[in-house]
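Remarks on the overall topology
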Amino acid sequence: NSRCERACFFCRPSGEGVATSPGVELDTRTVLTVVKMCESFGISYIKLTGGDPALWPPLIECVRLIKAQSTCRIEVISRHPKIAESAYLLAQAGVDMLNMSIDTLDPTLHRKITGVNDLNGILDALKVCVSTGMRCKVNMVVLSGINDHESDALISFCDSLGVKVVNLLDLMT
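Quantities reported herein were computed from a predicted structural model and do not represent experimental measurements.

The next subject is the overall build of the protein. Counting its regular elements, the protein contains six helices and five strands. Along its sequence from the N terminus, the protein presents helices and strands in the succession α-β-α-β-α-β-α-α-β-α-β. Taken across its 173 residues, the protein has 45% of its residues classed as buried. Long-range contacts, defined as pairs at least 24 residues apart, comprise 71% of the intrachain contacts of the protein with a sequence gap of at least 6.

Here it is as structure tokens:
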């Protein structure tokens, strides 16, 4: 789906303007077909991203079906607090890694970057995801002069939760 409920200025500078019409987003059958095709070419690692998979109703069932019908490892990438609602079921379904995107620990800066005021919800969601036992990774888009001074604090925060991998990503313009 194209929905993410964000308006990150580095991704969607004009806001959350892309809507997925009913019946247009991928269904699980199509995803499974693509996974099988990828496997036939030797691909063994699938990333489910979006928009945001936390907003895609068939996410858990899709993960279950991929795991039942393939040998692929699965990573789910989210930037939405709603991922916490599915975390335990995703772990049970077989997600190999949950990747949260967090660019700052400052609520005001988070709102400036994403256009929404939900940093506490995202941080709480990360804690829930870690508590499931799933491997968790955090991506931080490092923006020169905006949040580049926060990378050490974010790494320390993630370490305190048990997150083993933090990727610092450069913004490609």
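Let us look at the packing of helix H3 (residues 83-93) against helix H5 (residues 119-131). For the pair H3 and H5, the least separation of the axes is 9 Å and the interaxial angle reads 5 degrees. It follows that H3 is roughly parallel to H5 by the angle criterion. Taking contact as the criterion, the partners of Ile-83, Ala-84, Ala-87 and Tyr-88 in H3 are, on H5, Ala-125, Val-128, Cys-129 and Ser-131. Tallied by class, the residues present in the contact of H3 with H5 amount to seven nonpolar, one polar and no charged.

Spatial strand order, E1-E2-E3-E4-E5: five strands in an open sheet with parallel pairing. Here the strands that pair on one side only, and so sit at the sheet edges, are strand E1 (45-48) and strand E5 (165-170). Strand-to-strand twist in this sheet, taken as the mean axis angle between neighbours without regard to direction, amounts to 25 degrees.

When a strand is regular, its side chains alternate between the sheet's two faces. On E1, burial follows the alternation: Ile-46 and Leu-48 on one face are buried, whereas Tyr-45 and Lys-47 on the facing-out side are not. Direction of pairing for E1 relative to strand E2 (residues 73-78): parallel, over a ladder of four bridges. Residue pairing in the sheet places Ile-46 in a bridge with Ile-74 of E2.

Side-chain pairs of opposite charge can arise where the charged atoms are in close proximity. Enumeration according to the criterion identifies five salt bridges in this entry. Residues Lys-67 and Asp-96 are paired through a salt bridge, measuring 2.7 Å at the closest nitrogen-oxygen approach. One end of the pair, Lys-67, is in helix H2 (residues 59-69); the other, Asp-96, is in the loop between H3 and strand E3 (97-101), with 29 residues separating them in the sequence. The shortest N-O distance in the salt bridge between Glu-75 and Lys-137 comes to 3.1 Å. Remark: Lys-137 occurs in strand E4 (residues 135-142) and Glu-75 occurs in strand E2; sequence separation between them is 62 residues. In terms of burial, Glu-75 and Lys-137 fall into one category: buried.

Of all hydrophobic cores here, the largest spans 39 residues; its most connected members are Ile-83, Ile-102 and Leu-126. For this core, the leading source of residues is H5, giving seven residues. For Ile-102, the residues in contact, after removing those within four places along its chain, are Leu-119, Ile-122, Leu-123, Leu-126, Val-138, Asn-139, Met-140 and Leu-154.

Scoring rules and cut-offs
Residues numbered from 1 in each chain as written. Predicted model: local features only at pLDDT ≥ 70, side-chain atom pairs only at ≥ 80, totals over all residues. Heavy atoms only, no water. Helix = DSSP H or I, 4+ residues; strand = E, 2+ residues; numbered from the N terminus. Buried < 20%, exposed > 50% of the residue type's maximum accessible area, 1.4 Å probe, protein only. Contact = heavy atoms within 4.5 Å. Axes fitted to C-alpha atoms, helices over the stretch in contact; angles between N-to-C directions. Parallel < 35°, antiparallel > 145°, perpendicular 65-115°, else oblique. Nonpolar A, V, L, I, M, F, W, Y, C, P; charged D, E, K, R; others polar. Pairing = 2+ DSSP bridges. Salt bridge = Lys/Arg side-chain N within 4 Å of Asp/Glu carboxyl O. Core = buried A, V, L, I, M, F, W, Y, C linked by side-chain atoms within 4.5 Å.

All quantities given are derived from atomic positions and should not be read as evidence of function.
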